[in-house]
Amino acid sequence: MRSAGYYIFEKQIKPETWSPAGILFFDGSSATIVSSWKNFSSGTEAQVIAAAMRYFSSMDILDDQIRLTWSSFTPGQYYHKVARPVVSSHWQNTNHMLPLRHDAQPEVLTHQTHLRTLIGLLDRILLVVYPSRDTLSTYGYEIRNLLILACTECETQWRAVLQANGYVKEHYSTNDYVRLERVLRLREYEVALTRYPSFEPIRPFGSWHAAGNPTQDLGWYNAYNATKHNRNENIPKASLGNAMTALCACWAVLVAQYGGPVLGDAQDIREYFDLKAKPKWDLSESYIFHVCDEHFRTWNAVSCPF
């Protein structure tokens, strides 16, 4: 057990299912139940923690099936542009979210507008090219335009996340962008296009990891680089399949950044994409809902270590 910080008590409500039951702050010599501000301040660390656990048991909050999880965050703390589940003393929101200031809402609306532009371009293409798995290798100039626009939008989002968290460079490459995979858990996202059920769900970042080749591991992004720099020879790489995957990548990165606001606010976009799979965050990686105390009145954004 670590010597100081926040711990989350969990109770087992059914086999393999745990639920938060309380948050404890330990400062090295005393422990405080955050939800009630009850203090336990005598004895060793183990004795203090044990006293707190007995308190939960006496209040019938926890039963014998209990565990204690160290939190990576203090209450009200979150990473810039990184959506995570939120936990409080008595509940956990497994739908990951990002606490947003009022002045950050226009940023989300701008991303949604760009995404609608890309969606409209794909819909126009699929009025000409029949939406089928057999046509995924189809290529052409308009499909190339969609691929380039979607990939440059992804690059814009990647840079914004890095810069917001203090990772600033004059020039970025996929060696930088791939750092986001671990933080946003992008490999775990699977997206389907609800309007075109003949297409299989897509994992845009399924093979992306820092130990590999961060450009070539993303086939759609590698195709974008190839056709951008040498259109005449590489136009076949500007395929419908690559363009669609790039569009789904844009959506996945938006959801990974903002979570709930992107998923819930724009009905037309929400109905266009179906999020088939997303990361399953550990409780220790979840944000802790701030309590009604003078120290935690607002959410506090901190830089994510890359």
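You'll find the structure just up there.
Residues numbered from 1 in each chain as written. Predicted model: local features only at pLDDT ≥ 70, side-chain atom pairs only at ≥ 80, totals over all residues. Heavy atoms only, no water.

J.: Can you help me understand the overall build of the protein in this one?
T.: Assigned secondary structure in the protein consists of 10 helices and 12 strands. In the protein, buried positions account for 50% of the 306 residues. Contacts spanning at least 24 positions in sequence make up 69% of the contacts within the protein whose residues lie at least 6 apart. Total accessible area computed for the protein in this model is approximately 14,900 Å², and 48% of it derives from carbon and sulfur atoms. (Helix = DSSP H or I, 4+ residues; strand = E, 2+ residues; numbered from the N terminus. Buried < 20%, exposed > 50% of the residue type's maximum accessible area, 1.4 Å probe, protein only. Contact = heavy atoms within 4.5 Å. Areas by Shrake-Rupley, 256 points an atom, 1.4 Å probe, with all protein chains shown as cover.)

J.: Can you help me understand the environment of H114 in this one?
T.: Within the element layout of this structure, H114 appears in helix 2 (residues 105-125). Spatially, the C-alpha atoms of H114 and C250 are 9.8 Å apart, while their sequence positions differ by 136 residues.

J.: I tried to follow the environment of D176 on my own but got confused; where do I start?
T.: As for its position among the elements, D176 is in helix 4 (residues 174-177). Judged by relative accessible area, D176 falls into the buried class, the value being 4%. Measuring from C-alpha to C-alpha, the distance between D176 and P214 comes to 9.0 Å, with 38 residues separating the pair along the chain. Once you skip the residues sitting within four places of it in the chain, D176 turns out to touch L162, Y167, K169 and H171.

J.: How do you make sense of the nonpolar core when you look at a structure like this?
T.: It is characteristic of soluble globular proteins that their nonpolar side chains tend to be buried jointly. Of all hydrophobic cores here, the largest spans 68 residues; its most connected members are W158, F205, W220 and F273. Mapped by element, the contributors of at least two residues to this core are strand 6 (77-79), helix 2, helix 3 (141-164), helix 5 (179-184), strand 9 (190-193), helix 6 (219-229), helix 8 (240-258) and helix 10 (267-272). It is helix 8 that provides the largest number of residues to this core, a total of 15 residues. The contact partners of W220, leaving out residues within four places of it in the chain, are L147, C151, C154, W158, P204, F205, N242, T245, A246 and A249. Core analysis: the next-biggest nonpolar cluster, separate from the first, contains 6 residues, Y6, I8, I23 and I288 among them. (Core = buried A, V, L, I, M, F, W, Y, C linked by side-chain atoms within 4.5 Å.)

J.: Looking at this model, I keep getting lost on helix 6. Mind explaining?
T.: Within the span of helix 6, buried status applies to W220, Y221, A223, Y224, N225, A226 and T227. Its buried side turned inward, helix 6 meets helix 3, helix 4, helix 7 (231-234) and helix 8.

J.: How should the packing of aromatic side chains be read in this particular structure?
T.: Any pair of aromatic rings gets described here by the distance separating the centres and the angle formed by the planes. Scanning all chains against the criterion turns up 19 aromatic pairs. When the ring of W158 is compared with that of Y177, the centres are 4.9 Å apart and the planes differ by 40 degrees; the resulting orientation is tilted. In this pair, W158 sits in helix 3 while Y177 sits in helix 4, placing the two residues 19 residues apart along the sequence. For the pair shown, W158 and Y177 are each scored as buried. Pairing Y167 with F306 gives two aromatic rings, centres 5.9 Å apart and planes at 75 degrees, and the pair type is edge-to-face. Residue Y167 is found in the loop between helix 3 and helix 4, and its partner F306 is found in the segment after strand 12 (300-302); the two are separated by 139 residues along the sequence. With relative accessibility at 16%, the residue Y167 sits in the buried group. (Phe/Tyr/Trp six-rings, centres within 6.5 Å; stacked < 30°, edge-to-face > 60°.)

J.: Hey, could you run me through the packing of helix 3 against helix 6 in this one?
T.: When two helices pack together, their arrangement is given by the angle between the helix axes and by the axis-to-axis distance. Packing of helix 3 against helix 6 leaves a shortest axis separation of 10 Å and a crossing angle of 115 degrees. With respect to the hand of their crossing, helix 3 and helix 6 are arranged in left-handed fashion. Residue-level inspection shows R144, L147, I148, C151, T152, C154, E155 and W158 of helix 3 in contact with helix 6, the latter providing W220, Y221, A223, Y224, T227 and K228. Among the residues making up the contact of helix 3 with helix 6, the classes are represented as 9 nonpolar, 2 polar and 3 charged. (Axes fitted to C-alpha atoms, helices over the stretch in contact; angles between N-to-C directions. Left-handed = near helix turned anticlockwise from the far one by under 90°. Nonpolar A, V, L, I, M, F, W, Y, C, P; charged D, E, K, R; others polar.)

J.: Is there a simple way to think about the pattern of salt bridges in this case?
T.: With the rule as written, the count across this model stands at 10 salt bridges. In this structure, R195 engages D123 in a salt bridge whose closest nitrogen and oxygen atoms are separated by 2.7 Å. With R195 in the loop between strand 9 and helix 6 and D123 in helix 2, the pair connects residues that are 72 residues apart, well separated along the chain. Taken together, the shared-partner salt bridges in this structure form one network comprising R185, E188 and E285. (Salt bridge = Lys/Arg side-chain N within 4 Å of Asp/Glu carboxyl O.)

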